[in-house]
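Overview (structure and organization)
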Amino acid sequence: MQKNIVRRALPDALPLGLQALHPLLQRVYAARSVGTVDELDRNLEKLIPDTALLGMPAAVQCLTDALQQQKHIVIVGDFDADGATSTAVAIRALRAMGAKHVSYRVPNRFADGYGLTPELVASLTHQKPDLILTVDNGIANHAGVLAAKAMGAVVVVTDHHLPGDTVPAADAIVNPNQHGDAFPSKNLAGVGVIFYVMLALRRHLNQIGWFEAERIPQPTMSKLLDLVALGTVADVVPLDHNNRILVHQGLRRIRGGVAVPGMTALLEVAGRDFARANASDLGFAVGARLNAAGRLEDMSLGIECLLCDDPVEARAKAQVLDQLNDERRHIEKGMQTQALQTLDALNQRLSGELPKGLCLYDETWHQGVIGILASRVKDKYHRPVIIFAKGHEGEVKGSARSIPGFHVRDALAHIDAKHPGLIKKFGGHAMAAGLTLASNDFKTFQKIFDAAVAEKLTDDQLKHSLMTDGALLPEDYNLEVAAMLRDAGPWGQAFPEPLFDDVFELIEQRLVGDRHLKCKLRKSGQVIEAIAFFVDVEQWPNHRCTTVRAVYRIDINEYKGRSNVQLIIDYLEAC
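What comes next is a walk through the structure. It should be emphasised that the depicted structure is a prediction, and the values quoted were computed from it without experimental measurement.

Topic: the pairing of strand β14 (residues 516-523)
Sheet analysis places strand β13 (residues 500-512) next to β14, joined by seven bridges and oriented antiparallel. If you follow Q509 over to β14, its bridge partner there is C519. The hairpin formed by β13 and β14 contains three residues between the paired strands, and G513 there has a positive phi angle of roughly 55°. Linking β14 back to strand β15 (residues 526-532) in an antiparallel pair, the connection comprises two residues, with S524 at a positive phi of about 50°.

Quick notes on the packing of aromatic side chains
For the coordinates displayed, the defined rule picks out 14 aromatic pairs. Between Y29 and F495 the ring centres are 6.4 Å apart and the planes differ by 25°, which places this aromatic pair in the stacked class. Highlighted residues: Y29 in helix α1 (residues 23-31) and F495 in the loop between α17 (479-487) and β13, separated in sequence by 466 residues. Accessibility assignment for this pair places Y29 and F495 in one class, buried.

Things to note about the nonpolar core
L133, M198 and M263 are the most contacted members of the largest nonpolar core, which has 146 residues in total. In terms of residue count, helix α6 (residues 190-207) provides more of this core than any other element does, eleven residues in total. In this view, M198 contacts L63, A90, A93, L94, M97 and M221; residues no more than four positions away in its chain are not counted. Counting residues in each nonpolar core, the second largest holds 24 residues, with I386, F388, V396 and L457 among its members.

Quick word on the side chain of D136
Along the chain, D136 falls in the loop between β4 (131-135) and α5 (142-150). Among residues more than four places away in sequence, those in contact with D136 are D78, D80, D82, G83, S86, Y114, T158, D159, H160, H161 and G190.

Side note on the pairing of β4
For β4, the buried fraction is high: five of the five residues fall into the buried class. Judged by which residues are buried, β4 turns out to be covered on both faces: L131, L133 and V135 on one side and I132 and T134 on the other are all buried. Of the strand pairs in this sheet, strand β2 (residues 73-76) and β4 are connected by four bridges, and their pairing is parallel. Among the inter-strand pairings, I73 is bridged to a residue of β4, identified as L131. In the sheet, β4 pairs with strand β5 (residues 154-158) via five bridges, with the strands oriented parallel. The partner of I132 across the bridge, within β5, is V155. The parallel pair β4 and β5 is bridged by α5, and the resulting crossover is right-handed.

The rules we used
Sequence positions are assigned chain by chain, starting from 1 and proceeding in written order. Thresholds applied to this predicted model are a pLDDT of at least 70 for local features of residues and 80 or more for the giving and counting of side-chain atom pairs; totals over whole chains, interfaces and linings are not thresholded and use all residues. Note: side-chain values were computed over all heavy atoms of the structure, leaving out hydrogens and water. Should DSSP find at least two bridges between two strands, the strands are regarded as paired. In this text, helices come from DSSP runs of H or I with a minimum length of four residues, and strands from runs of E with a minimum of two, each type numbered from the N-terminal end. Pairing of aromatic rings covers Phe, Tyr and the six-membered ring of Trp, with a centre-to-centre limit of 6.5 Å; geometry is then stacked below 30 degrees between planes, edge-to-face above 60, and tilted otherwise. Relative accessibility thresholds used throughout: buried, under 20% of the residue-type maximum; exposed, over 50%; partly exposed, between the two (1.4 Å probe, protein chains only). The set of buried Ala, Val, Leu, Ile, Met, Phe, Trp, Tyr and Cys residues whose side-chain atoms join them within 4.5 Å is what this entry labels a nonpolar core. The criterion used for residue contact is that any of the two residues' heavy atoms lie within 4.5 Å. With the strands pointing away from the viewer, any crossover whose connection runs clockwise from the first strand over the helix to the second is right-handed.

What follows is the structure in structure tokens.
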């Protein structure tokens, strides 16, 4: 499918603070609204202070009381990579601060539902928790919080999801998105929120002399940053300045070989070199394998890998996660084929006019894989998508993915307000959300969701567009520029990796590994190696084609000790 190639807009004048940088970096940063050099400072001292987070003093006091009395703290996490890393950060930090009775519980996606539900609370009775600490969930669990309080537990909620009109009656809530919170960045992942809570707790414990009295060393919180980086990238939250600091510092630890053993093991089983790890490795290699546990089995498998301090044991756990990821891919492939066939038939029936908001359901689809299927369909058709699978008796569960311009969680809230009772429960972010419907209401919701999208998005917003940073100059095709761009990140959501476009002479092309097109391109007399992954083999190789327009990233290919510039082609069309 042909795509629109749109070059990013630049300000009329490049910011003065960036003028000392390489001209290409000036252009790239200015297109991402970076106005000052201070926004590029990735030192930990530039993190926003935790004091601006609403509810922090109450949360710290609750945790301090539990530590001083050595009460049982139960951490309730979530079954995705953000939830797993959040749980691991909380456990490692609390144990390092002297907590002797810390355990965790992650809801089972299929049996328990999401977050601190009353059913989950009931299942904790035998553990007799004195304090329940939620990570990456809780802001929507009003009934669960009440059930936990009725059981006699203190409840501290740490979350980053958007709240409803009211918040649960917890003893403390820390969430930068709750009403009245003055924390400047609203983009922290769940792992970022609990990291901030642990920072504030350590400072308070130091102030009251806890570490000296207990004769334990004051923990170094930077040791947790590899986990914070992983959860932040895997949850696809916007990489604003504050999140870029967290991710950069975490990547430094990973590359330096001082990450937790589970992190290194997961990179190794994915075939990635920890010494060269980047943000995309965290999302597509490590995060995918962690998420496979939550999708198919129990996220405890992933958490135990991240908590493991023995490299050999961590490697064994990582291999189990790798096998689950292979199984997830197999299941997803079958679901994706079925979904795309359904949509192709619908597209033909509607003469190319697909609904603007897509809702698909099949009772055979695996509930744990619908989120990733929604992402795949969204990427192919560039419109908001909700994929549904069979839930508890009489219910279907949906996983939504959206595109820029359509805040899917707010859209669900709007639908809920206009059609009370249609949606049983929902929650999420701008780009991703989850919901539950009665099975009989699926077709009604399908029409309402399409109408909600049509009301909000224009035809232009639904077109496939690739935003690029223009063309590289001939002198920019070198290892120094490739390394400079690689190190100028971290790149990710809302701070995209530099992407360029140009027209090239195609002088060589061949398939490698069945679906990857290896090319040699020529520009201004230079011959440049390039590769396009997962091409349409019905279109490529195309030996009648001698000129192509390519959208690409510049990368460094290392093979047998040699390094050379290689373009990674994201989109290729014959000219």
